[in-house]
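Fold and contact review
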Amino acid sequence: MKRLHVHIAVDDLPRAVKFYSTLFAAAPSVEKADYAKWMLDDPRVNLAISARGAKPGIEHLGIQAETGKELDEIYSRLKDADAPVLEEGATVCCYAQSEKSWVNDPAGVPWEVFRTVGESAVYGGGPEAADGRLATITGSLTLPETGGAVRCAPSPATDAPAASGCCG
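Here is a short report on the structure shown in this document. (Residues numbered from 1 in each chain as written. Predicted model: local features only at pLDDT ≥ 70, side-chain atom pairs only at ≥ 80, totals over all residues. Heavy atoms only, no water.)

1. Structural notes on the overall build of the protein
Note the following rule: In this text, helices come from DSSP runs of H or I with a minimum length of four residues, and strands from runs of E with a minimum of two, each type numbered from the N-terminal end. Partly exposed describes any residue whose relative accessible area lies between the buried limit of under 20% and the exposed limit of over 50%, with all areas from a 1.4 Å probe on protein chains only and scaled to the type maximum. In what follows, residue pairs with any heavy atoms lying within 4.5 Å of each other are defined as contacts. Per-residue and other accessible areas were derived by the Shrake-Rupley procedure at a 1.4 Å probe size, with only the shown protein chains allowed to occlude residues.
For the protein, the helix and strand inventory stands at two helices and twelve strands. Along the protein, helices and strands appear, N-terminal first, in the series β-α-β-β-β-β-α-β-β-β-β-β-β-β. A buried classification covers 46% of the 168 residues belonging to the protein. In the protein, the proportion of contacts linking residues at least 24 apart, taken out of those at least 6 apart, comes to 56%. Only carbon and sulfur atoms are counted for the fraction: they give 54% of the accessible area of the protein, which is about 8400 Å².

2. A short note on unusual backbone geometry
Here the amide bond leading from aspartate 42 into proline 43 is cis, since omega sits at 0°, within 30 degrees of zero. With respect to the secondary-structure elements, proline 43 resides in the loop between β3 (35–41) and β4 (44–50). Of note in this structure, alanine 25 is not a glycine but carries a positive phi near 55°. Structurally, the position occupied by alanine 25 is in the loop between α1 (13–24) and β2 (30–32).

3. Considerations on the pairing of strand β5 (residues 57–65)
Regular strands have side chains that alternate between both faces of the sheet. Going by this rule: What makes two strands pair is DSSP finding at least two bridges between them.
Alignment of strand β1 (residues 3–9) against β5, held across seven bridges, turns out to be antiparallel. Residue pairing in the sheet places isoleucine 8 in a bridge with isoleucine 58 of β5. Relative to strand β8 (residues 110–119), β5 is paired through five bridges, and the arrangement is parallel. Note on β8: the bridge partner recorded for glutamine 64 is phenylalanine 114.

4. Some points on the packing of aromatic side chains
Short version of the rule: Here a pair means two rings of Phe, Tyr or Trp (six-membered ring of Trp) with centres within 6.5 Å. Their orientation is stacked below 30 degrees between planes, edge-to-face above 60, and tilted elsewhere.
In the structure shown here, the tally under the stated rule is six aromatic pairs. Plain terms: the ring middles of tyrosine 35 and tyrosine 123 are 5.7 Å apart, the flat faces sit at 80° to each other, and that makes the pair edge-to-face. Pair noted here: tyrosine 35 is in strand β3 and tyrosine 123 is in the loop between β8 and β9 (126–127), with a separation of 88 residues, a long-range link. Tyrosine 123 sits in the buried class, given a relative accessible area of 6%. Measuring from ring centre to ring centre gives 5.5 Å for tyrosine 95 and tyrosine 123, while their planes differ by 80°; the resulting arrangement is edge-to-face.

5. Considering the nonpolar core
For clarity, the cut-off: For this analysis, a nonpolar core means a set of buried residues of the types Ala, Val, Leu, Ile, Met, Phe, Trp, Tyr and Cys, connected via side-chain atoms within 4.5 Å.
In this structure, Ile8, Val10, Val17, Tyr20, Trp38, Leu47 and Ile49 are the most contacted members of the largest nonpolar core, which totals 13 residues. Mapped by element, the contributors of at least two residues to this core are β1, α1, β3 and β4. At four residues, the largest contribution of residues to this core is made by α1. The contact partners of isoleucine 8, leaving out residues within four places of it in the chain, are Tyr20, Leu47, Ala48, Ile49, Ser50, Gly57, Ile58 and Glu59. Grouped together as the second largest cluster of nonpolar side chains are nine residues, Ala65, Leu71, Tyr75 and Ala83 included.

Here it is, written out as structure tokens:
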């Protein structure tokens, strides 16, 4: 069963952890000095927060697949959505090993589609946009601009999607 993913940039991680732990009546399933994540079943959501220098607010949304078959199904729908898709493939992100792709909705909201396959001792990364948003790289697909902090998105210098908008 798929799970909604929401990643929120915060400026005071301990305060945010306390708030969300109280709101969901649950401690984070992952907690690091700069990151926390709740894998909730009610509501079924993967909520992540991080204090890594981005402007506070919603950083991106996503869909987390539990199986390779679910991920393939979502990837197929992304290709039918007529928007450039960036297939990042196997990567380390948010203290996890994942396979993922990125797409922007028509309003420019970045969506991450991924499947977690293991844990990681490091956050992972690519450059963080200074304002927490993603910058246009080709077509309507947006990727992070170079900045001081690290986020879990591909590097625009090396990971541009194919001009056709399909990841081939």
